[in-house]
Amino acid sequence: MQNPMLPSPPDHNATLGRLHALSRNHLLFFRLEVGRLLLQDYFGGDPAAYHSQDPNKIQSFNGFLQNCSEQLREIGLGESVLRSCIHAHVAVAALPPGTVERLLFSHIVELARVEDGATRGLLAQATIKNHWSSRQLRDAAHAARAGLWIDAETTPVTPPAPPEEQPKTPQLGRVVSRFERSADDVEALGNQWRQIAGKKLTSGQKNRIREALLRVKAQLSEVEAALGADGG
C-alpha cells in the first residue's frame, strides 16, 4: 500500500527530459564560462587579441596549455576543447537574447565558424525553428556562404545535404608504418607507466586504464586473427 504522504509516481519520461535539459544546459554554460575565463585571463577579454597572428604577441596561453596539459586532460579540457570554448564564447556574444539557452554546445561550435555576425544570428534562429542537428546546421552554414540557404522571402529552409564522400581506402604501406609507430608509442608509454607504477591511482583512473587496455586488446586480437588466417 502506497504511503499517502508520498507524492504519486512521477512521469519517468518527463523526469528524463528535465535531466537531459539540465545536463545540456550545464555543459553549455560551463563551456561558455570556460571560454570567457580564458579570454579574460590571457587576452584581456579581447577576441582580436586571441585571433591575432602577430608573432610578437605574448604567448601566455600557449604556455598554459603546455605546462598544465596533464591536469587539463584529467578534467576533460584538452587544448581543442579549450579553444572551442573560447570560440563559442565569442560567437554567442552577438546572438539575439534568449537564443543561447535553446541551443546545444555543438550548435554553438558550428556557429563559431561563421564569420559574419548577421548570418550567424539567422542561422541560430533557423536552427531553433527547424530543430536542426549540428550536422544540419553545418550544412546550412556551407549553403549560406554560397547564398543558397534563404529563399526570396528570407525564410530559413533546410538546405539539401551535400553528397557524402566515399571513405578512401588507406594505403597498405602507410598502415604497416602506423603499426610500427604505434608499437614505439606503446613502448614509450610502458616506460612512463613504470615510472609512476608505485603511485596510488584513483578508482576512476584505474577504470579508464582498464577500458583503454580492453579496447587495445580487442583490436590486437582481431589483427592477429586476420594475420593467422592469411597463412603468411
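*Asks:* So what's going on with the nonpolar core? Which residues, and what values?
*Replies:* Grouped together as the largest cluster of nonpolar side chains are 33 residues, with contacts concentrated most on Phe61, Leu82, Leu95, Ile108, Leu111 and Leu123. Going through the elements one at a time, α1 (12-43), α3 (60-67), α5 (79-92), α6 (105-112), α7 (117-130) and α8 (134-145) are the ones with two or more residues in this core. The element that contributes the greatest number of residues to this core is α1, accounting for six residues. Those residues within four positions of Leu111 in sequence are excluded, and the remaining contacts are Ala91, Leu95, Leu103, Arg120, Leu123, Ala124 and Leu137.

*Asks:* I'd love a proper account of the packing of α3 against α5, names of residues and values included.
*Replies:* Where α3 contacts α5, the axes come no closer than 11 Å and their chain directions differ by 145°. Where α3 crosses over α5, the two elements pack in a sense that is right-handed. In this structure, α3 uses Phe61, Asn62, Phe64 and Leu65 to contact α5, whose residues at the interface are Glu79, Leu82, Arg83 and Ile86. Of the residues contributing to the contact of α3 with α5, the split by class is five nonpolar, one polar and two charged.

*Asks:* Tell me about α3, residues and numbers included.
*Replies:* If you check which residues of α3 are buried, you get Phe61, Phe64 and Leu65. Along the long axis of α3, the arc covered by the buried residues comes to 95°, so they all point the same way. Residues of α3 that are exposed and point more than 90 degrees away from the buried face comprise Gln66 and Asn67.

Thresholds, definitions, all that
Residues numbered from 1 in each chain as written. Predicted model: local features only at pLDDT ≥ 70, side-chain atom pairs only at ≥ 80, totals over all residues. Heavy atoms only, no water. Core = buried A, V, L, I, M, F, W, Y, C linked by side-chain atoms within 4.5 Å. Buried < 20%, exposed > 50% of the residue type's maximum accessible area, 1.4 Å probe, protein only. Helix = DSSP H or I, 4+ residues; strand = E, 2+ residues; numbered from the N terminus. Contact = heavy atoms within 4.5 Å. Axes fitted to C-alpha atoms, helices over the stretch in contact; angles between N-to-C directions. Left-handed = near helix turned anticlockwise from the far one by under 90°. Nonpolar A, V, L, I, M, F, W, Y, C, P; charged D, E, K, R; others polar. Arc of directions from axis to C-beta.

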